[in-house]
Amino acid sequence: MTEPFELLRTWDGLATVLRFEPHSGAWIVIALHDRTLGSPTGGSRMKSYPSLSDAIVDAQRLAAGMTAKWAGIDRPYGGGKAVLMIPRPLDAATRRSLLTGYRDVLRGLEGGFRTGPDMGTTPEDMAFLAQACASVMGIHPETGKPLDPGPFTAQGVLAGIRAAVAHAFDGATLSGRRILIQGVGDVGEPLARGLAEAGATVLISDLDPARSEKLAQMIGGRTVDPEAVFTMECDVYAPCAVGATVDEASVAEMRCAIVAGSANNQLATDRDAERLAARGILYAPDWVINAGGALAYADLRAGTTDTDQLLSDVDRTIGAAVEAVFHTAHEEGITSLEAARRRAERRLSQARK
Ligand code: PHE
């Protein structure tokens, strides 16, 4: 692994902010990627990593993904992401002290980075930060409560899956389609419910078997062993947990027609987009299909406070964005990843002019 300073030296983003929080032994890493469309804004992830370099790489990649995410939905924010690298699971008091230290950094940046929840942090953590810091997204202006982005992200993924099914098969109906969800957490669970309601056959896999069994029973789905995810025959594989599950080995095994899920950084490398295309598997670029949470936060901040209104905005916007990407890819004979990149790049270069 490259050493941290080398990662800072060679990155194409704006800056990487580092702070060590001594009480918890955590590193706070904030990657500020781009501010062409607005202030760098992205979630705060709390996780353990093998080394500081791994945490920096994750923050930098996710921050670049946020630049593309905001551009893809045309909202006035820039790309950024925070990683709170914890040495071990933290007890409540230690977690508090880390969040307090993090809040001080956010305050010091004076709106130069805005944030919300991501893997390992909760809306309640965000409410705590927001008590003394104005840089938190998703706090409802009327109730003061933090908005869970999960259901909004899930709504966007549902719309994206619908668009993908319409593109790959005749007709957009999800009824009878076999859809495998990998990871039923904050996004995977509401997605599973939405798909079941739409008449899909939902296959559920989670590292926690109790969790997948409980949900499968509730919605009338089936569970799939985590080991068997890639070899499972299905119409849609929806990665909704960790990133980098799509790689050379998994693509070779896949027996699905579509990859469309909520995880960030689903592809291990960009070449995997070509590998999927070569196998005739339709891929919904992650930062397009998973932008529903970001979109809801942006629209909440712009004054839309009604939940149903936010959900229907997400449904329409993400569905249309995913559809446009597939359309361009098809017309121009390029991968969907390349089509999504060009779309985001077009928005950014317009703004630079
Ligand atoms: N972490 C989520 C994402 O990556 C939601 C989020 C969006 C949080 C924007 C903060 C800001 O999309």
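Residues numbered from 1 in each chain as written. Predicted model: local features only at pLDDT ≥ 70, side-chain atom pairs only at ≥ 80, totals over all residues. Heavy atoms only, no water.

Caption draft 1: Structural detail: the environment of Lys81. Of note, Lys81 is situated in strand 4 (residues 78-85). With relative accessibility at 2%, the residue Lys81 sits in the buried group. The sequence separation of Lys81 and Pro40 amounts to 41 residues, and the corresponding C-alpha distance is 7.9 Å. Among the polar contacts made by the side chain of Lys81, one reaches the side chain of Asp118 at a distance of 3.0 Å. (Helix = DSSP H or I, 4+ residues; strand = E, 2+ residues; numbered from the N terminus. Buried < 20%, exposed > 50% of the residue type's maximum accessible area, 1.4 Å probe, protein only. Polar contact = N/O pair within 3.5 Å; in protein donor to acceptor, adjacent residues only side chain to side chain.)

Caption draft 2: Main features of the packing of helix 3 (residues 92-109) against helix 4 (residues 123-130). Remark: helix 3 packs on helix 4, axes separated minimally by 10 Å, with the N-to-C direction vectors making an angle of 55°. Regarding the angle of helix 3 to helix 4, the classification is oblique. The element helix 3 and its partner helix 4 pack so that their crossing is right-handed. Within the contact between the two elements, helix 3 uses Arg95, Arg96, Leu99, Thr100, Tyr102, Arg103 and Leu106 and helix 4 uses Asp125, Phe128 and Leu129. Its residues assigned to classes, the contact of helix 3 with helix 4 shows five nonpolar, one polar and four charged. (Axes fitted to C-alpha atoms, helices over the stretch in contact; angles between N-to-C directions. Parallel < 35°, antiparallel > 145°, perpendicular 65-115°, else oblique. Left-handed = near helix turned anticlockwise from the far one by under 90°. Contact = heavy atoms within 4.5 Å. Nonpolar A, V, L, I, M, F, W, Y, C, P; charged D, E, K, R; others polar.)

Caption draft 3: Examining the pairing of strand 7 (residues 201-205) more closely. The element strand 7 is extensively covered by neighbouring structure, given that four of its five residues are classed as buried. Where strand 6 (residues 178-182) and strand 7 come together, five bridges link them in parallel fashion. Residue pairing across strands places Gln182 opposite Ser205, the latter belonging to strand 7. Bridging between strand 7 and strand 8 (residues 222-223) involves two bridges; their strand directions are parallel. Bridge pairing in strand 8 links Leu203 to Arg222. Each parallel crossover has a hand, and for strand 7 linked through helix 7 (residues 209-219) to strand 8 it is right-handed. (Pairing = 2+ DSSP bridges. Right-handed = clockwise from strand over helix to strand, strands pointing away.)

Caption draft 4: Broad picture of the pattern of salt bridges. Taken as a whole, this structure holds 18 salt bridges when the rule is applied. For Asp206, the salt bridge identified is with Arg211, shortest N-O distance 4.0 Å. Between Glu233 and Arg255 there is a salt bridge, with the nearest N and O atoms lying 3.1 Å from each other. A residue pair is termed long-range when its members are at least 10 positions apart, and Glu233 in the loop between strand 8 and strand 9 (236-239) and Arg255 in the loop between helix 8 (248-253) and strand 10 (258-259) qualify at 22 residues. Under the relative-accessibility criterion, Arg255 is labelled partly exposed at 45%. (Salt bridge = Lys/Arg side-chain N within 4 Å of Asp/Glu carboxyl O.)

Caption draft 5: Structural context of the side chain of Ser44. Inspection of the secondary structure assignment puts Ser44 in strand 3 (residues 40-47). Among the polar contacts made by the side chain of Ser44, one reaches the side chain of Thr115 at a distance of 2.6 Å. The residues contacting Ser44, other than those within four sequence positions of it, are Ala82, Tyr102, Thr115, Gly116, Pro117, Asp118, Met119, Thr121 and Met126.

Caption draft 6: Structural detail: the sheet that holds strand 7. Taken in spatial order, the six strands make up an open sheet running 8-7-6-9-10-11, and their pairing is parallel. Across the chains shown, the open sheet's two edge strands, defined by having one partner strand only, are strand 8 and strand 11 (282-283).

Caption draft 7: Highlighting the sheet that holds strand 3. Across the sheet, which stays open at both edges, the five strands sit in the order 1-2-4-3-5 with mixed pairing between neighbours. Each edge of the open sheet carries a strand with a single partner, namely strand 1 (15-21) and strand 5 (114-117). Each strand of the sheet is rotated relative to its neighbour by a mean of 20°, with strand direction disregarded. Sheet topology places strand 3 next to strand 5; four bridges connect them, and they run parallel. Its bridge partner lying in strand 5, Thr41 is registered against Arg114. In the packing of helix 3 onto the sheet, the strands contacted are strand 1, strand 2 (26-34), strand 3, strand 4 and strand 5, and the crossing angle to strand 2 comes to about 30°.

Caption draft 8: Just the domain arrangement of the protein chain, in detail. Along its sequence, the protein chain is organised into domain 1 (4-69 + 77-130) and domain 2 (150-351). Each of domain 1 and domain 2 has a C-alpha centre, and the two are 25 Å apart. In this complex, domain 1 contributes 17 residues to the contact, which on the side of domain 2 involves 17 residues. Summed over both sides, the interface between domain 1 and domain 2 buries roughly 1400 Å², with carbon and sulfur atoms accounting for 59% of that surface. Interface area lost by domain 1 to domain 2 is led by Arg61, Lys69 and Tyr77, which between them contribute 38%. Our count for the domain 1 to domain 2 interface comes out at three residue pairs in polar contact (both at pLDDT 80 or more). Of all the secondary-structure elements, those providing two or more residues to the side of domain 1 that touches domain 2 are helix 2 (52-73) and strand 5. Per-class residue counts for the side of domain 1 that touches domain 2 are six nonpolar, four polar and seven charged. (Domains from an automatic or database assignment. Buried area = accessible area lost by both parts, 1.4 Å probe.)

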